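# Per-entry structural report
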Amino acid sequence: MKPRSSESPTKREVRVSVKSRALKSASYVKVTFGDVTIAGNRPSAESIKANIERSTDALSRIGKKLVKPGVTLSKKKGIPRFSADEHDPTIFVRVLDGHVDRGRMVNGEFEPIG
């Protein structure tokens, strides 16, 4: 979702509203978050309880990994790894099979320089 040009994504007001629709059924609702609206039947109490249990279990399994900063990328032969140059953010550094190249992306392709 692209913010309007006059709005800052960090200063944007978030509005949430939930409305029942009498024509469908008492369990039919519309939920709006900003510019997005989702409509459907309200989930049952059993479904909500089951989803809470599943999400709690999932969080307990990944809790330690969420606290650890950074990302681990495994090295694979023939697969390049890109990063930004420390001194010039317009330059990419490509590491491919132990060989390091500096360059730029031109039309989606890496072009080495110098």
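Residues numbered from 1 in each chain as written. Predicted model: local features only at pLDDT ≥ 70, side-chain atom pairs only at ≥ 80, totals over all residues. Heavy atoms only, no water.

### What about the overall build of the protein chain?
The cut-off we apply is this: For helices the rule is a DSSP run of H or I covering at least 4 residues; for strands it is a run of E covering at least 2, with both sets numbered from the N terminus onward. Buried, partly exposed and exposed residues are distinguished by accessible area as a fraction of the type maximum, computed with a 1.4 Å probe on protein chains only: under 20%, between the cut-offs, and over 50%, respectively. In what follows, residue pairs with any heavy atoms lying within 4.5 Å of each other are defined as contacts. Computed by Shrake-Rupley with a 1.4 Å probe, the accessible areas treat only the displayed protein chains as cover when residues are assessed.
Regarding its fold elements, the protein chain presents one helix and seven strands. Evaluated residue by residue, the protein chain yields a buried proportion of 9% over its 114 residues. If you take every contact in the protein chain between residues at least 6 apart in sequence, the share linking residues at least 24 apart comes to 4%. Summed over its atoms, the accessible surface of the protein chain is roughly 10,300 Å², and 56% of this surface lies on carbon and sulfur atoms.

### Some thoughts on the sheet that holds strand 6 (residues 99-106)
Just so we agree on the cut-off: DSSP bridges decide pairing: two strands pair if at least two such bridges lie between them. Throughout, an axis means a line fitted to C-alpha atoms (over the contacting stretch in the case of helices), and angles, computed between N-to-C directions, take values from 0 to 180 degrees.
Spatially, 4-5-6-7 is the arrangement adopted by the four strands of the open sheet, whose pairing is antiparallel. Looking at which strands have only one partner, the edges of the open sheet turn out to be strand 4 (81-84) and strand 7 (109-112). Within the sheet, the average angular offset between the axes of one strand and its neighbour, ignoring direction, is 45 degrees. Alignment of strand 6 against strand 7, held across four bridges, turns out to be antiparallel. Of the residues in strand 7, the one forming a bridge with Val106 is Glu109.

### Here we look at the packing of aromatic side chains
Ring pairs (aromatic) are described by centroid distance and by the angle formed between their planes. Rules: Pairing of aromatic side chains here covers Phe, Tyr and the six-membered ring of Trp, requires ring centres within 6.5 Å, and sorts the geometry by plane angle: under 30 degrees stacked, over 60 edge-to-face, intermediate tilted.
Scanning all chains against the criterion turns up one aromatic pair. Taken together, a centroid distance of 5.6 Å and an interplanar angle of 55 degrees make the contact between Phe82 and Phe110 tilted. Of this pair, Phe82 sits in strand 4 while Phe110 sits in strand 7, placing them 28 residues apart in sequence.

### Brief notes about a nonpolar patch on the surface
Heads up, the condition is: Think of a patch as exposed residues, more than 30% relative accessible area, with no salt bridge, where like charges cluster within 9 Å and nonpolar side chains (Val, Leu, Ile, Met, Phe, Trp, Tyr) cluster within 5 Å. By salt bridge we mean one thing: a side-chain nitrogen of Lys or Arg within 4 Å of a carboxyl oxygen of Asp or Glu.
A surface patch of nonpolar side chains, about 420 Å² in accessible area, is lined by Leu59, Ile62, Leu66 and Val67. Looking at the element boundaries, Leu59 is found in helix 1 (residues 45-67).

### Section: the pattern of salt bridges
The full count for this structure, using the stated rule, is two salt bridges. Notably, a salt bridge pairs Asp101 with Arg94, separated by 2.9 Å at the nearest N-O pair. Each member of the pair, Asp101 as well as Arg94, carries the same accessibility label: buried.

### What about unusual backbone geometry?
The residue Asp97 is not glycine, and still its phi comes out positive at about 50 degrees. Tracing the backbone through its elements, the reader meets Asp97 in the loop between strand 5 (92-96) and strand 6. One non-glycine residue, Asn107, adopts positive backbone phi at about 55 degrees. If you trace the backbone, Asn107 turns up in the loop between strand 6 and strand 7.

### Overview of the side chain of Thr32
What counts here: Pairing of N or O atoms within 3.5 Å defines a polar contact, subject to two protein rules: one partner must be a possible hydrogen donor and the other a possible acceptor, and residues neighboring in sequence count only if both atoms are side-chain atoms.
On the secondary structure map, Thr32 appears in strand 2 (residues 28-33). Side-chain polar atoms of Thr32 contact the side chain of Thr37, separated by 3.1 Å.

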